[in-house]
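# Structural overview for review
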Amino acid sequence: MKEIGDYLHRVREEKNISLKEIQEATKISMRYLEAIDRGDLDGIPGEVYRKGFLVNFANAIGLDGQEILQKYYQMKNAAVVEEQQQQLLQQQKQLQQQPQRQQRQQHQPIQTPVVTREKKVTPSDVPDDEQLKGLYLGIVVALIGILIVASFFLFPYYRNNHLDDTDNTKIETSTDTNKVQTNPIAPITVNVIFKEKVWVQVKSDGDYLYGADGMSFDASQSQQVWTAQREMIIKMGNPAGIMISLNGKDLGQLGERGKIKTIRLTPKGVEAL
């Protein structure tokens, strides 16, 4: 994932934006911003935090956070596929070496003590063609089984990398504008804009994004993007001062000014708690 970090670092330097400015806009801890800037995404604990911080970092320097997130998914899937291919090749190599070792063992001369009486060699002491055929047949069956198991794991990644042929996802790129139009990457993608000072507590798939005490935002801070796989629970003070869209659909005004409101978001929609 270092390529993504190098790209974000280069854009940030070109626009003369400091990590301190990004921290003030996103409220992300400085050590995580530094990890993103040097391409060490593994230094961010938890996939939910990693994706959310990456999107907000990109938005803070003027990039399309969803485009960066899609590149992250593509590189992650490619790395997993490459690793599985290497494991498969290693297993095939070991299987190819096994009959060679067995053949060397079979053709190795058997040293026996010298005796005065001549020993007769019977046909059962020498492997015949039927035994060799059985050995090769077993190896072929094992290889076929490995290929079937490998295809079972590789097929989902192949299918995800070819979603453009089976769904309505459309990506339009331009060398001048780098515009991307795509459906939400995560099952739950929440875009948030603050019009007034609002306190929020965000729980994504059971993990607090800003801790159990939550975080306060105001109109001077940049747009936030939160993602989840199963559900997201948002508790907010002053819901009239926040604009929330779920997977690109505006949810409208969620409550009165100065009141406390809690909502639960799932891939199916939104409900009040």
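You'll find the structure just up there.
In this numbering scheme, every chain counts its residues from 1 along its sequence in written order. Side-chain atom pairs in this predicted model are given and counted only at pLDDT of 80 or more, local residue features only at pLDDT of at least 70, and totals for whole chains, interfaces and linings cover all residues. To get the side-chain values, all heavy atoms of the structure are used, and hydrogens and water are removed first.

### Quick word on empty space enclosed by the protein
Formally: Here a cavity is any set of points on a 1 Å grid over the protein atoms alone where a 1.4 Å probe fits but cannot get out, and a pocket is any open set with protein on both sides within 12 Å along at least 5 of 7 lines; a residue lines the site when it has an atom within 4 Å of a point. Grid points are joined across faces, edges and corners, and a volume is the space filled by probe spheres set on the points. Counting from the N terminus, the helices are DSSP H or I runs at least four residues long and the strands are E runs at least two residues long. By the convention adopted, Pro, Cys, Tyr, Trp, Phe, Met, Ile, Leu, Val and Ala count as nonpolar, Lys, Arg, Asp and Glu as charged, and the other residues, Gly among them, as polar.
Evaluation of the coordinates by the stated rule reveals 1 cavity of 30 Å³ or more. If you add up the space inside the largest cavity, you get close to 80 Å³. Residue lining of the largest cavity: 13 residues in total, with Gly52, Phe53, Asn56, Leu209 and Trp226 positioned closest to the centre. In terms of residue count, the dominant contributor to the lining of the largest cavity is helix H4 (residues 47-60) (5 residues). Grouping the constituent residues of the lining of the largest cavity by class yields 8 nonpolar, 5 polar and no charged.

### Let's talk about the pairing of strand E1 (residues 188-194)
Using the following cut-off: Here the term buried applies to any residue with accessible area under 20% of the maximum for its type, exposed to any over 50%, and partly exposed to those in between, with areas from a 1.4 Å probe on protein chains only. Should DSSP find at least two bridges between two strands, the strands are regarded as paired.
Summarising burial for E1: 5 of the 7 residues are buried, a large majority. Taken together, the 5 bridges between E1 and strand E5 (residues 224-228) define a ladder with antiparallel strand orientation. Residue pairing for E5: Val190 is matched across the bridge by Trp226. As paired strands, E1 and strand E7 (residues 242-246) are joined by 5 bridges and run antiparallel to one another. Bridge pairing in E7 links Val192 to Ile244.

### Concerning unusual backbone geometry
Despite not being glycine, Asp205 shows a phi value in the positive range, around 50°. By the secondary structure assignment, Asp205 is in the loop between strand E2 (198-204) and strand E3 (207-208). A relative accessible area of 13% means that Asp205 is categorised as buried.

### Re a nonpolar patch on the surface
How we decide: Distance thresholds for patches are 9 Å for like charges and 5 Å for nonpolar side chains (Val, Leu, Ile, Met, Phe, Trp, Tyr), applied to residues having over 30% relative accessible area and no salt bridge. With residues, only the protein chains shown are counted as cover, and all accessible areas are computed by Shrake-Rupley using a 1.4 Å probe. By definition, a salt bridge exists where a carboxyl oxygen of Asp or Glu is found within 4 Å of a side-chain nitrogen of Lys or Arg.
A cluster of nonpolar residues, Val140, Ile144 and Ile148, forms a patch on the protein surface that exposes about 270 Å² of accessible area. Take Val140: it is sitting in helix H6 (residues 129-160).

### Overview of the sheet that holds E7
Pairing is antiparallel in the open sheet, where 4 strands are placed in the order E5-E1-E7-E8. A single partner strand is all that each edge strand has here, and the edge strands are E5 and strand E8 (249-250).

### Some words on the nonpolar core
So the rule is basically this: Nonpolar cores are built from buried Ala, Val, Leu, Ile, Met, Phe, Trp, Tyr and Cys residues. Side-chain atoms within 4.5 Å join them into one set. In what follows, a contact means two residues having at least one pair of non-hydrogen atoms within 4.5 Å.
The biggest cluster of nonpolar side chains holds 24 residues, and the ones touching the most others in it are Leu8, Ile36, Leu54, Phe57 and Ile61. Broken down by secondary-structure element, the contributors of at least two residues to this core are helix H1 (2-14), helix H2 (19-26), helix H3 (30-37), H4 and helix H5 (65-107). Counting residues per element, this core draws most heavily on H4, at 5 residues. With residues near it in sequence (within four places) discarded, Leu8 still touches Ile36, Leu54, Phe57, Ala58, Ile61, Leu63 and Ile68. Counting residues in hydrophobic clusters, the runner-up holds 22 residues, among them Leu209, Ile244, Leu246 and Ile263.

### Looking at H3
Burial in H3 covers these residues: Tyr32, Leu33, Ala35, Ile36 and Asp37. Those residues of H3 that are buried are in contact with H1, H2 and H4. Downstream of H3 by one or two residues, Gly39 has phi in the positive range, about 80°.

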